[in-house]
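So you can see what is in the structure, the chains are spelled out below.
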Amino acid sequence: MKFAIFGDIHGNIEALKAAYNAALSAKAEKIYHLGDLGGYSPFVNEVVDFLIEHTIEGVQGNYDETVAHDREHCGCKAEDPLQEEMANQSFAWTKDHASAKTKEFLGKLPVEITFIVHGRKVALFHATPRKNNLYWYEDRPEKFFQEMAGKIDADVLIYGHTHRPYRKDLESKIFINAGSVGKPKDGDPRACVTLIEITPDNVNVEFLRVPYDVEKAAEAIVSSGLPEYFAERLKEGR
Ligand SMILES: [Fe+2]
């Protein structure tokens, strides 16, 4: 079985459309998203509509939970005061512009999806199943991966939130961070589509980078009234 994962779309409809076409071209039988559907780019409602229209199931991210419930803070971590201020503006904008239908959809997303392929249990969640805003970077110590493996009953663990893709194999477990469709932070502005093929013998993972009209997406950020800061970062993939 081959499926595609769309991590952290973050209101970027241009990137989502390109990712969807790439998943179809790659003959993915099923597509899942990993939540964080709004924020930083303006098209949270359009992203939700697209996912509904194309029956793309997925899980709830910290941004989805906090927008749905009109919380004070998105639950995102800022690296400096400017980033904190920009993040606050993005969060306020998204709460103001997300429709009632969108908020209801975001609020109802499950925190985890699990299924079994060729005897391997697959678990999808945003950051971890219990804490949706923990940054699970590749360079976390091995002990951390082992602890998480002990807490999560799955053989293939698929998550996002950091916007930086990786695969790590440890003992019998496979850890896959699917990166981000709409706001990559690994220096490559192209959308990241993670293709996973599970055969009776192997789990093959490919991080496909999909070009799309980043300029158009950046212009939409500026004309929406969101901070230009996010347009600049989108173009740089950070
Ligand atoms: Fe997130």
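What comes next is a walk through the structure. For every chain, the first residue of the written sequence is number 1, and numbering continues from 1 along that sequence. Where local features are concerned, this predicted model is filtered to residues with pLDDT of at least 70; where side-chain atom pairs are given and counted, the filter is 80 or more; whole-chain, interface and lining totals use all residues. For side-chain calculations, the full set of non-hydrogen atoms in the structure is used, while hydrogens and water are omitted.

So, the packing of aromatic side chains
The relative placement of two aromatic rings is captured by the distance of their centres and the angle of their planes. Operational definition: Between the rings of Phe, Tyr and Trp (Trp by its six-membered ring), a pair exists once the centres lie within 6.5 Å; its type follows the angle of the planes, with under 30 degrees stacked, over 60 edge-to-face, and the other angles tilted. Helix and strand definitions here come from DSSP, where helices need a minimum of 4 consecutive H or I residues and strands a minimum of 2 consecutive E residues; each element is numbered from the N-terminal end. Exposure categories follow from relative accessible area, calculated using a 1.4 Å probe and restricted to protein chains: below 20% of the type maximum is buried, above 50% is exposed, and the middle band is partly exposed. Whether a charge lies above a ring is judged from NZ of Lys or CZ of Arg, which has to be within 6 Å of the ring centre and within 35 degrees of the ring normal.
Following the criterion strictly, the structure yields 19 aromatic pairs and no others. Look at Tyr 63 and Phe 91: their rings are 5.5 Å apart centre to centre, the planes differ by 85°, and that puts the pair in the edge-to-face class. Of the two residues, Tyr 63 sits in helix H3 (residues 62–68) while Phe 91 sits in helix H4 (residues 81–97), which places them 28 residues apart along the sequence. Between the aromatic rings of Tyr 159 and Tyr 166, the centroid separation amounts to 6.2 Å while the plane-to-plane angle is 70°, which identifies the pairing as edge-to-face. Taking relative accessible area as the criterion, Tyr 159 reaches 0% and is therefore assigned buried. Looking at Tyr 166, the relative accessible area reads 4%, which means it is buried. Between Arg 140 and the ring centre of Phe 144, over which it is positioned, the NZ or CZ distance is 4.3 Å.

Overview of the nonpolar core
Buried together is how nonpolar side chains tend to be arranged in soluble globular proteins. The cut-off we apply is this: Among the buried residues, those of types Ala, Val, Leu, Ile, Met, Phe, Trp, Tyr and Cys that are joined through side-chain atoms within 4.5 Å form a nonpolar core. Between two residues, a contact is recorded if the distance between any of their heavy atoms is within 4.5 Å.
One finds Ala 4, Phe 6, Ile 9, Leu 16, Leu 37 and Tyr 212 to be the most contacted residues of the largest nonpolar core, which totals 49 residues. Contributing elements (two or more residues each) for this core: strand S1 (2–6), helix H1 (13–25), helix H2 (44–53), H3, H4, strand S9 (191–198), helix H7 (214–224) and helix H8 (228–236). The dominant element in this core, judged by the number of residues it contributes, is H1, at eight residues. Apart from residues no more than four positions distant in its own chain, Phe 6 is found in contact with Leu 16, Ala 19, Tyr 20, Ala 23, Ile 31, Tyr 32, His 33, Leu 34, Ile 56, Val 181 and Val 193. Of all hydrophobic cores here, the second largest spans 18 residues; its members include Phe 115, Ile 176, Ala 178 and Val 203.

Description of unusual backbone geometry
In terms of backbone geometry, most residues other than glycine have negative phi values and most peptide bonds are trans. One non-glycine residue with positive phi stands out, namely Asp 70, at about 50°. When you line up the elements, Asp 70 lands in the loop between H3 and H4. Assessed through its relative accessible area of 46%, Asp 70 is described here as partly exposed. Its identity as a non-glycine residue notwithstanding, His 163 has a phi of 70°, on the positive side. Here His 163 lies in the loop between strand S6 (156–159) and strand S7 (166–170).

Digging into the state of the cysteines
Definition in use: The disulfide definition used here is simple: a pair of cysteine sulfur atoms within 2.5 Å.
Summed over the entire model, instances satisfying the criterion amount to one disulfide. With its sulfur 2.2 Å from that of its partner, Cys 74 forms a disulfide with Cys 76. The residues Cys 74 and Cys 76 share a single accessibility class, namely buried. Cys 76 supplies the cysteine sulfur nearest to Cys 192, a cysteine that is in no disulfide, at a spacing of 19 Å. A relative accessible area of 1% places Cys 192 in the buried class.

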